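Structural description and commentary
In case you want the letters, here they are:
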Amino acid sequence: MHYLNAVIDIAEQAGKAILAVYQQDTAAFNITGKADDSPLTAADLAAHQLIVKALTALTPHLPILSEEAADISWDIRKTWQRYWLVDPLDGTKEFIKRNGEFTVNIALIDNGEPVLGVIHAPVLNKTYYAAKGEGAFVKTPAGVKAAKVSTPGDVIRVVGSRSHPSPDLAGYLAQFAQHDMVPVGSSLKFCLVAEGVADVYPRFGPTMQWDTGAGHIIALEAGASVSFDGIASKVYQREQLLNPHFMVSTLTP
């Protein structure tokens, strides 16, 4: 897909803007609270502004739904055939904790489904990307390699949220005779399944559409299944921006 290289560059440039804040004293983060009590920092806003400006220059005909500019009515959004779905800084809590587990997420949505996705992890210096029908890849300073899921073994490797633990998760894990739990922040959970480090990512806590769009297509193209409770299609063409529970899995149903 001809937008892919440009979007990788945009995500990585946003990562540099985030790191410019991250490397300063915490006071420079300018942490405030949003209406849902989630934190907002100077890095979120810097990345948002950079991404929106760059995507508008790249595709002036396509609308953008970003976490930091999400107050767009359903009457408008429901007319969008294609649009960019953006989380400028996914894992703001991880950013504030300085654990490096945060990402830039950019997805292209077509008819309610993700067809292109880029996830950049600035501190890890890794970029995951995929386009529909073209496979998934991970880019590091050492080069680019395909991202492929692995065959589950006797010990099921489960990846879950570091900042949003869920009581439902314990019930889900009870089905496995043996499992290892790997906590990690942000959309990196999709990426760990995509590159074969984890077998399943069950999500019972709240997420928004911009949290999942890019990871969704990356996981699919790497060979995983992605299913949302009660939604058979057009996951990203809904009035409700809050996602239902979902499962990213390499396990046989």
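A brief report on the enclosed structure follows. Since this is a predicted model, take the numbers as computed values, not measurements. (Residues numbered from 1 in each chain as written. Predicted model: local features only at pLDDT ≥ 70, side-chain atom pairs only at ≥ 80, totals over all residues. Heavy atoms only, no water.)

Let's shift gears to the pairing of strand β14 (residues 246-249). Side chains Phe246 and Val248 of β14 all project onto a buried face; the interleaved residues Met247 and Ser249 project onto the opposite face, where all are buried too. One ladder, built from four bridges, connects strand β12 (residues 200-203) with β14; its direction is antiparallel. For Pro202, the partnering residue across the bridge sits in β14 and is Met247. The sheet contact formed by strand β13 (residues 225-228) and β14 spans four bridges and is antiparallel. By the bridge assignment, Ser225 is partnered in β14 with Ser249. (Buried < 20%, exposed > 50% of the residue type's maximum accessible area, 1.4 Å probe, protein only. Helix = DSSP H or I, 4+ residues; strand = E, 2+ residues; numbered from the N terminus. Pairing = 2+ DSSP bridges.)

Quick look at the packing of aromatic side chains now. In the structure shown here, the tally under the stated rule is 13 aromatic pairs. Each ring, one from Phe95 and one from Phe102, has its centre 5.2 Å from the other, and the planes form 70 degrees; the classification is edge-to-face. For the pair shown, Phe95 and Phe102 are each scored as buried. Grouping aromatic residues by their ring pairs yields a cluster made of Phe190, Tyr201, Phe228, Tyr236 and Phe246. Its guanidinium or amino end placed over the ring of Tyr22, Arg98 lies 5.6 Å from that ring's centre, counting from NZ or CZ. (Phe/Tyr/Trp six-rings, centres within 6.5 Å; stacked < 30°, edge-to-face > 60°. Lys NZ or Arg CZ within 6 Å of the ring centre and 35° of its normal.)

Below, the discussion takes up the sheet that holds strand β3 (residues 64-66). Within a beta sheet, neighbouring strands are joined by backbone hydrogen bonds and run either parallel or antiparallel to one another. Taken in spatial order, the seven strands of this open sheet run β3-β4-β5-β6-β7-β8-β9, and their pairing is mixed. Bordering the open sheet on either side are β3 and β9 (143-146), each of which pairs with just one other strand. Taken over all neighbouring pairs, the strand axes of this sheet differ in orientation by 15 degrees on average, direction set aside. Relative to strand β8 (residues 136-140), strand β7 (residues 126-131) runs antiparallel, the two sharing four bridges. Pairing of Ala130 across the sheet is with Ala136, part of β8. Sitting on the sheet, helix α2 (residues 42-58) is in contact with β3, β4 (82-90) and β5 (103-110), with an inclination near 155 degrees to β4. Against the sheet, helix α7 (residues 209-222) engages β3, β4, β5, β6 (113-121), β7 and β8, with an angle of about 100 degrees to β6. (Axes fitted to C-alpha atoms, helices over the stretch in contact; angles between N-to-C directions. Contact = heavy atoms within 4.5 Å.)

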